[in-house]
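The residues making up each chain are set out below.
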Amino acid sequence: MTSVSTHAPASAAEQFAMRRQSPVQRLQQLLHSHPSLSPLLVLIVAFVVFTILNPRFAQPSTIGIILQQVAVIAALAIGQTLIILTAGIDLSVGAIAILATLFSANLAVKGGVPGILALILGVLVGVLAGGLNGLLVTRLRLPPFIVTLGTLSIFTAIALLYSGGQQVGRRQMPAALNWAGTPILIGPFRITTGVIVVAVLAIVMAFILSQTSWGRHVYAVGNDLEASRLVGIRVDRVLLSVYTVAGLIYGLTAWVQIGRSGTASPNAIVDANLDSITAVVIGGTSLFGGRGAIIGTILGALIVGVFRIGLSLAGVDDQWRVLATGLLVIIAVSIDQWIRKVKA
Amino acid sequence: MTAVTNESNEKYRGPAGDLADPSATVLSGRSLIKTFGKVIGLDGVDIDLFPGEVLAVIGDNGAGKSTLVKALTGAITPDSGQVFLDGHEVHFKTPQDARSAGIETVYQTLAVAPALDISANMFLGRERRRPGVLGSVFRMMDKKGMREDAGKSMANLGIATVQNMGQAVETLSGGQRQAVAVARAATFATKFVVLDEPTAALGVKETGQVLNLIQQIKAKGLPVILISHNMPNVFEVADRIHIARLGGCAGVITPKSHTPTEAVAIMTGATTLQRG
């Protein structure tokens with residue numbers, strides 16, 4: 001067998017290609033292979049800086065509060081990550097979660113349905129709503145932005161019409177729906193069962209994305225749709241399943257949200273759409289699809305939470321947190337653009 | 001050159017153009033017709049692919065070479081005519097059907113996901129699972145095994161410039177990407193491999209490497225259909241050359257029977273094949 005000319009002496013160009021790389025280039029390659037490193041670095045630096053500004057920041061009680069505050073957005077952002085990995089976007093995350101909370105709570109309180117059943121039906125509403133997004137994206141071939149912009153209004157309207165704009169209060173809520181608000185102590189950290197639910201959700205989805213062929217196909221479809229089709233991946237089936245699984249995650253998040261607030265209100269988590277996208281983007285997942293990871297998204301959600309509490313403990317106006325978040329989004333996307341230009 | 005054996009009125013198909021019994025070929029197309037509205041894509045084309053050969057399909061733009069190959073590999077369905085694989089008639093409805101039958105195509109776009117690594121691209125769409133509970137219940141991919149086998153496939157084809165199967169395809173050069181796509185096709189094909197303009201986007205050195213890969217596939221005993229514009233490449237690697245022209249076949253020649261200049265003349269209609 002002949003060999004494809006490999007042992008020939010290196011040409012000038014090849015020697016040039018093998019030259020020592022500058023530290024900047026090596027950083028670029030490092031970030032290219034590990035996109036979650038930059039949010040991790042930001043989180044560590046923010047943690048150190050806020051601890052210096054106010055030592056109370058590093059106390060277990062503060063960290064417990066951050067985790068509780070972050071849980072709902074982090075969970076929604078896990079679903080959002082799946083969709084953004086396919087080069088899509090979901091503007092209806094918050095609407096689906098609210099619809100599911102109101103559905104479960106009203107079924108249980110006004111409909112007299114047992115708590116567990118109301119919970120399951122609420123999660124099912126999330127699945128159906130996500131599946132509807134998926135059907136519109138794959139059957140009508142509409143851009144995900146347009147589909148979810150439309151369903152954002154539709155799901156919000158349905159939620160308001162169904163609930164009559166009324167919130168379901170704390171005292172009426174059955175135990176099964178409130179379970180995710182149960183406080184527990186893990187070591188020195190006071191958190192809730194809802195935080196555990198979100199952590200398990202993150203671990204399970206991270207496993208599925210990195211270890212199963214379905215996960216690999218999610219990346220492939222987002223990276224190059226036509227190539228995926230040509231190698232025999234059933235692209236529409238992957239997309240539909242992604243939107244449906246995201247809906248399932250939003251449905252479970254609704255449960256965590258009821259536990260967190262103790263109520264089901266049409267006015268809750270109004271910023272969820274943009275907050276979830278912010279977490280995904282700061283976490284290093286590319287809006288162009290095919291690149292990113294759940295761990296980055298969790299780090300992204302934590303960064304936003306750390307900034308919120310950290311700046312407030314430092315005695316700074318909350319608007320600085322909003323400003324800092326905006327800067328982080330722009331920096332994160334710039335880094336993504338930069339590392340995508342990497343060459344071997 | 002070729003002996004005149006019969007005096008039928010059929011158009012002369014050239015020195016390598018006698019139609020074979022489909023039972024003796026890997027692939028045969030007979031009287032393939034495909035129309036797109038009023039445009040004739042294929043005008044009753046016959047084609048044979050013999051075991052172990054490299055068959056080049058050349059032709060001007062719009063001559064029907066891509067349409068012909070698509071009709072043979074399920075990307076389009078011919079309006080009429082027959083396709084035989086190993087002597088049995090087949091009816092491919094999708095490229096997936098052809099793939100299941102052991103036909104692999106390397107598309108001009110390569111069909112690779114740039115952000116995924118080499119091993120992931122080699123096994124894309126047919127990932128292997130780990131044995132036991134980890135695979136059946138937890139659906140875990142056998143990443144290590146796939147990586148090892150991807151490395152073996154590349155090494156078998158003499159591709160030594162790429163060592164790390166965990167390297168993202170987007171960090172590879174154009175020729176290396178081509179090598180990944182060709183290695184994938186060669187690994188999974190059991191009947192034959194189709195290469196669609198594999199050298200169109202490559203430089204001289206990388207073109208040489210791809211031609212070398214084609215020889216390697218042939219050496220493995222797999223026949224190759226090579227669609228190309230590039231006469232020097234075709235004359236370097238092909239055993240027979242099918243010349244597509246105006247939706248039909250202007251003849252089948254060999255690199256020994258004709259020169260590249262003559263091939264271009266036949267391809268463009270400046271001359272027609274004559275007996276003798």
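Just above sits the structure.
Here is what the cut-offs are and how they apply
- All residue numbers refer to position in the chain's written sequence, counted from 1.
- All chains are assigned letters beginning with A, and all ligands numbers beginning with 1, in the order in which they are written.
- Owing to the predicted nature of the model, reporting of local features is limited to residues with pLDDT of at least 70; listing and counting of side-chain atom pairs is limited to 80 or more, with chain, interface and lining totals taken over all residues.
- In computing side-chain properties, one takes all heavy atoms of the structure into account and sets aside hydrogens as well as water.
- Helical segments are the DSSP runs of H or I of at least four residues, strand segments are the runs of E of at least two, and each set is numbered from the N terminus.
- Radius of gyration here is computed from C-alpha atoms only, and the compact-globule reference equals 2.2 Å multiplied by the residue count raised to the power 0.38.
- Burial classes follow relative accessibility: with a 1.4 Å probe on protein chains only, a residue under 20% of its type's maximum area counts as buried, one over 50% as exposed, and anything between as partly exposed.
- Throughout, a residue-residue contact means that at least one pair of heavy atoms, one from each residue, lies within 4.5 Å.
- Working definition of accessibility: Shrake-Rupley area with a 1.4 Å probe, residue cover restricted to the visible protein chains.
- When charges are tallied, Lys and Arg are placed among the positive residues and Asp and Glu among the negative ones, while His and the ends of the chain are skipped.
- Where a charge lies is defined by one atom per residue type, namely NZ (Lys), CZ (Arg), CG (Asp) and CD (Glu).
- Pairing of aromatic rings covers Phe, Tyr and Trp, the last through its six-membered ring, and needs centres within 6.5 Å; plane angles under 30 degrees mean stacked, over 60 mean edge-to-face, and all others mean tilted.
- Polar contact criterion, stated in full: a pair of N or O atoms within 3.5 Å, where within protein one must be able to donate a hydrogen and the other to accept it, and residues adjacent in sequence count only if both atoms are side-chain atoms.
- Here a strand pair is declared whenever DSSP counts at least two bridges between the two strands.
- Geometry is summarised by axes, namely lines fitted to C-alpha atoms with helices restricted to the contacting stretch, and by angles between N-to-C directions that run from 0 to 180 degrees.
- Salt bridges are counted wherever a side-chain nitrogen of Lys or Arg sits within 4 Å of a carboxyl oxygen of Asp or Glu.

## Things to note about the overall build of chain B
Right, so step 1: Within chain B, the regular secondary structure consists of nine helices and ten strands.
Right, so step 2: Radius of gyration (C-alpha) of chain B: 20 Å, near the 19 Å computed for a compact globule of 276 residues.
Right, so step 3: Principal axes of the C-alpha set define a box for chain B whose edges measure 65 × 40 × 35 Å.
Right, so step 4: Relative to its full complement of 276 residues, chain B shows a buried share of 54%.
Right, so step 5: Nonlocal contacts in chain B, meaning residues at least 24 apart in sequence, comprise 66% of its contacts between residues at least 6 apart.
Right, so step 6: For chain B, the computed accessible surface area is about 11900 Å², with 53% contributed by carbon and sulfur atoms.
Right, so step 7: Taking the average place of the 28 positive charges on the side chains of chain B and the average place of its 26 negative ones, the gap between the two points comes to 7 Å.

## Focus on the packing of aromatic side chains
Aromatic rings considered in pairs are described by the distance between their centres and by the relative angle of their planes.
All names here are of chain A.
Right, so step 1: Counting across every chain of the model gives six aromatic pairs over all chains.
Right, so step 2: Relative to Phe57, the ring of Phe47 has its centre 5.2 Å away and its plane inclined at 65°; by these criteria the two rings are edge-to-face. Residue Phe47 is found in helix H3 (residues 37–53), and its partner Phe57 is found in the loop between H3 and helix H4 (60–85); the two are separated by ten residues along the sequence.
Right, so step 3: A residue is classified by how much of its surface remains accessible, and Phe57, at 0% relative accessible area, is buried.
Right, so step 4: Aromatic side chains Trp179 and Trp255 sit 5.5 Å apart centroid to centroid with 15° between the ring planes, which places their arrangement in the stacked category. Of this pair, Trp179 sits in the loop between helix H8 (175–178) and strand S1 (183–186) while Trp255 sits in helix H12 (residues 235–261), placing them 76 residues apart in sequence.

## Considering the side chain of Thr25(B)
Residue and element names in this part refer to chain B.
Right, so step 1: Assignment of secondary structure puts Thr25 in the segment before strand S1 (27–36).
Right, so step 2: Here Leu27 takes part through its backbone oxygen, which lies 3.5 Å from a polar atom of the side chain of Thr25.
Right, so step 3: In terms of polar contacts, Thr25 uses its side chain to reach the side chain of Ser28, at 2.6 Å.
Right, so step 4: Among all residues touching Thr25, those that are not within four sequence positions of it are Ala20, Asp48, Leu49, Phe50, Asp86 and Gly87.

## Digging into the sheet that holds strand S10 (residues 248–253) of chain B
Residue and element names in this part refer to chain B.
Right, so step 1: The mixed open sheet is built from six strands, whose spatial order is S6-S7-S8-S3-S9-S10. Pairing within the sheet leaves two strands with one partner each, and these edge strands are strand S6 (103–106) and S10. The average undirected angle you get between the axes of adjacent strands in this sheet is 20°.
Right, so step 2: Summarising the sheet, strand S3 (residues 54–59) and strand S8 (residues 224–227) pair through four bridges and their orientation is parallel. For Leu55, the partnering residue across the bridge sits in S8 and is Ile225.
Right, so step 3: Across the sheet, helix H1 (residues 65–72) lies against S3, S6, strand S7 (192–196), S8 and strand S9 (240–245), angled at about 135° from S3, the strand it touches most.

## Some remarks on the sheet that holds S1(B)
Residues and elements named next belong to chain B.
Right, so step 1: Here we have four strands laid out as an open sheet, ordered S2-S1-S4-S5, and antiparallel in their pairing. On the outer flanks of this sheet lie strand S2 (39–49) and strand S5 (88–90), each paired with one strand and no other. For this sheet, the mean angle separating the axes of adjacent strands, direction not counted, is 30°.
Right, so step 2: As judged from the five bridges shared by S1 and strand S4 (residues 80–85), these two strands associate in the antiparallel manner. By the bridge assignment, Arg30 is partnered in S4 with Gln82.
Right, so step 3: Across the sheet, H1 lies against S1, S2 and S4, angled at about 65° from S2, the strand it touches most.

## Quick word on the pattern of salt bridges
All names here are of chain B.
Right, so step 1: On inspection of all chains with the given rule, the structure shows 15 salt bridges over all chains.
Right, so step 2: For the salt bridge of Asp142 with Arg128, the shortest nitrogen-to-oxygen distance reads 4.0 Å. With Asp142 in the loop between helix H4 (133–136) and helix H5 (143–156) and Arg128 in the loop between helix H3 (118–122) and H4, this residue pair connects regions lying 14 residues apart in the sequence.
Right, so step 3: The class for Asp142 is buried, based on a relative accessible area of 19%.
Right, so step 4: Here Arg128 falls in the partly exposed class, since its relative accessible area comes to 31%.
Right, so step 5: One salt-bridge network, in which partners are shared between bridges, spans Arg128, Asp142, Asp149 and Lys152.

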